[in-house]
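Chain residues, written in single-letter form:
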Amino acid sequence: AELVRPGDQVLDAACGLGYGSYVLAQATRCSSVLGVDGSEYAVSYAQQNFGAADDRLAFRHGWLPDDLAALPDESFDLVISFETLEHIENPTGLLAEFSRPTDQYFSQ
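Not measured: the values here are computed from a predicted model. (Residues numbered from 1 in each chain as written. Predicted model: local features only at pLDDT ≥ 70, side-chain atom pairs only at ≥ 80, totals over all residues. Heavy atoms only, no water.)

Draft legend 1. Region of interest: the packing of aromatic side chains. Going through the model one piece at a time under the given rule, you end up with 4 aromatic pairs. Taken together, Y19, Y22, Y41, Y45 and F50 form an aromatic cluster joined through their ring pairs. (Phe/Tyr/Trp six-rings, centres within 6.5 Å; stacked < 30°, edge-to-face > 60°.)

Written as structure tokens, this is what we have:
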């Protein structure tokens, strides 16, 4: 949360049930948090329980890293992802998606 600047757009890759996305939105002055997860159940739960509570939160079903490629460059100022790489078939591809021009912290 200390890295989130006011107005940042945050990607929570592998957001699970969305609790972390919610806490991040509540603890910061970000403009939005998009949570992406491969579990349709988790995304549905997150949207119902957290997305409805804060209009800065959105959740979508998607497989990492493939579904991140559909997001335009510079869509996010910060990417967070916890305990994810060991569950991904293509961790190198996921890191490549994280490091493409999506984050001002990396592009400076």
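Now that the structure has been shown, we can carry on.
Draft legend 2. Broad picture of the sheet that holds strand β4 (residues 78-80). The strand order across the open sheet built from 4 strands is β3-β2-β1-β4, with neighbouring strands paired in parallel fashion. In the strand order of this sheet, the two ends are held by β3 (57-61) and β4, each with one partner. In this sheet, adjacent strand axes meet at a mean angle of 20 degrees when their direction is disregarded. Those strands touched by helix α1 (residues 19-27) are β1 (9-13), β2 (32-37), β3 and β4, and its axis lies near 155 degrees from that of β3. Against the sheet, helix α2 (residues 40-51) touches β2 and β3, its axis set at about 165 degrees to β3. (Pairing = 2+ DSSP bridges. Helix = DSSP H or I, 4+ residues; strand = E, 2+ residues; numbered from the N terminus. Axes fitted to C-alpha atoms, helices over the stretch in contact; angles between N-to-C directions. Contact = heavy atoms within 4.5 Å.)

Draft legend 3. Molecular detail of the pattern of salt bridges. For the structure on display, the rule yields 2 salt bridges. Linking D8 and R5 is a salt bridge whose minimum nitrogen-to-oxygen distance equals 3.3 Å. The partner of R56 in a salt bridge is D54, and the shortest N-O contact between them spans 3.0 Å. Judged by its relative accessible area of 22%, R56 falls in the partly exposed class. (Salt bridge = Lys/Arg side-chain N within 4 Å of Asp/Glu carboxyl O. Buried < 20%, exposed > 50% of the residue type's maximum accessible area, 1.4 Å probe, protein only.)

Draft legend 4. Up close: the pairing of β1. Counted residue by residue, β1 has 4 buried out of 5 residues, so it is predominantly covered. Pairing between β1 and β2: 5 bridges, direction parallel. Within β2, the residue paired with V10 across the bridge is V33. With respect to chirality, the unit in which β1 leads through α1 into the neighbouring parallel β2 is right-handed. (Right-handed = clockwise from strand over helix to strand, strands pointing away.)

Draft legend 5. Fine view of the environment of Y19. Its place among the elements puts Y19 in helix α1. Classification of Y19 by relative accessible area gives exposed; the value is 55%. Taking the C-alpha atoms as reference, Y19 lies 10.0 Å from G35; in sequence the two are 16 residues apart.

Draft legend 6. Structural view of the environment of F50. Within the secondary structure, F50 sits in helix α2. Its relative accessible area of 13% is what places F50 among the buried residues. Spatially, the C-alpha atom of F50 lies 6.1 Å from that of Y22, the residues being 28 residues apart in sequence. Other than its neighbours up to four places away in sequence, F50 contacts L17, G18, Y19, Y22, Y45, L57 and F59.

Draft legend 7. Structural detail: α1. Along α1, the residues that are buried comprise S21, L24 and A25. Angularly, the buried residues of α1 cover 95 degrees about the axis, an arc narrow enough to put them on a single face. Facing away from the buried side of α1 by over 90 degrees, the exposed positions are Y19 and A27. Residues of α1 that are buried make contact with β1, β2, β3 and β4. (Arc of directions from axis to C-beta.)

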